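A closer look at the structure
Residue strings, one per chain:
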Number of protein chains: 2
Amino acid sequence: MDRYVELLKKKGLKITPQRLEILRYLDENRIHPNIERIHSDLKKDNPSLSKTTVYNVIDDLTKADLLQILTINRFEILCDFKADPHHHFLCKECKKVYDLDEDFNCHLLEKIRSEGYQVDEVHGYFKGTCRSCLNKREGGK
Amino acid sequence: MDRYVELLKKKGLKITPQRLEILRYLDENRIHPNIERIHSDLKKDNPSLSKTTVYNVIDDLTKADLLQILTINRFEILCDFKADPHHHFLCKECKKVYDLDEDFNCHLLEKIRSEGYQVDEVHGYFKGTCRSCLNKREGGK
DNA sequence: TTCCTATCTTGTAATGGTTACAAGATTGAA
DNA sequence: TTCAATCTTGTAACCATTACAAGATAGGAA
């Protein structure tokens, strides 16, 4: 059975072409697209796709824990396929968001758990300048 | 000289009563208030304070690095006086945002620096349920 | 102190991303 | 195959944030 059909079934969501397309798109394109980008990219193959549907599907899939919405900046909704735990780096020059595949295994997390907080999610957002933009600066000298 | 006057001067910003009030309010009330809350609280002593001014001042002070805007959720602008590096815990039940005063000193940060990223900001957002809400659940049994 | 310009504050109006809603289409269980 | 629940779509409404212009203020210069 299709991987995405299976994911939706496991969560008790109805299988619709729109949900499958969006899920597949986000799995295959780990570029943290915003709503506009998802809509315009998928409209190419499905011209009747409505932006409201993109909002609805993103909402459903996020509630089902198949996606997460990044809040690394406050200007747009960035969508991220929910794979293994990972963190993010935002380059303030090119605005690209990079995945940091390694988890951080830090003392602070243990500490707050030991203090009695129940921690369900950990989001690490690192911001600065990426290698590619730093190189361009060097080159531009 | 007043501590807040000094902070503004150091950043080359003009000293205005509105800026001083907002800065003082955020320093003395580390509750991560949103714009509405700041406006309504400060309006009590200064009824002519405009919401536009709150937006403008928050913007100026953030650019001057005296404040930071939290992006722990995407529903509102939460303002935070910029003190020592610290991270945040959002309780998904009571919606309160707690400061985690300890910094995390993690391997991942060293790793991405060693890979050539220039890291200027590190934001750790932990989400779950706080002790107080967990206690209420127990009590409610 | 006084003057003057740059900047700040304020209220109103415009913007635009997101959500609400209703009608028609689709899904999937019976 | 049927049918109710639910999903998709387009339009309209919403409302937080931003743009703008007029009047007020801050603070350096004379």
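Please refer to the structure placed before this passage.
I will try to describe carefully the structure that is included in this document. Fair warning: this is a prediction, and the values are worked out from it, not measured in the lab. (Residues numbered from 1 in each chain as written. Chains lettered and ligands numbered in written order. Predicted model: local features only at pLDDT ≥ 70, side-chain atom pairs only at ≥ 80, totals over all residues. Heavy atoms only, no water.)

With that out of the way, let us pick up the packing of aromatic side chains. Taken as a whole and assessed by the stated rule, the structure comprises eight aromatic pairs over all chains. Each ring, one from A:Tyr125 and one from B:Tyr125, has its centre 5.9 Å from the other, and the planes form 80°; the classification is edge-to-face. On the criterion of chain membership, the pair formed by A:Tyr125 in strand E5 (residues 118-129) and B:Tyr125 in strand E5 (residues 118-129) is interchain, its members lying in two chains. Of the two residues examined, A:Tyr125 and B:Tyr125, each falls in the buried class. An aromatic cluster of at least three residues, connected via ring pairs, comprises A:Phe89, A:Tyr98 and B:Tyr117. (Phe/Tyr/Trp six-rings, centres within 6.5 Å; stacked < 30°, edge-to-face > 60°. Helix = DSSP H or I, 4+ residues; strand = E, 2+ residues; numbered from the N terminus. Buried < 20%, exposed > 50% of the residue type's maximum accessible area, 1.4 Å probe, protein only.)

Within the structure, DNA strand C sits among 18 residues, and A:Ile15, A:Tyr55, B:Thr16, B:Arg19 and B:Thr53 are positioned closest to it. Protein-proximal atoms of DNA strand C, defined as those within 4 Å of the protein, fall in sugar or phosphate at a share of 78%. Here A:Lys14 contributes a side-chain N or O atom positioned 3.2 Å from a base oxygen of DNA strand C. Broken down by secondary-structure element, the contributors of at least two residues to the surface near DNA strand C are helix H4 (51-63) of chain A together with helix H2 (17-28) and helix H4 (51-63) of chain B. If you tally residues by element for the surface near DNA strand C, the top one is H4(B), at four residues. A class-by-class count of the residues in the surface near DNA strand C yields six nonpolar, eight polar and four charged. (Near = heavy atom within 4 Å. Polar contact = N/O pair within 3.5 Å; in protein donor to acceptor, adjacent residues only side chain to side chain. Nonpolar A, V, L, I, M, F, W, Y, C, P; charged D, E, K, R; others polar.)

Honestly, it's all geometry; don't read function into it.
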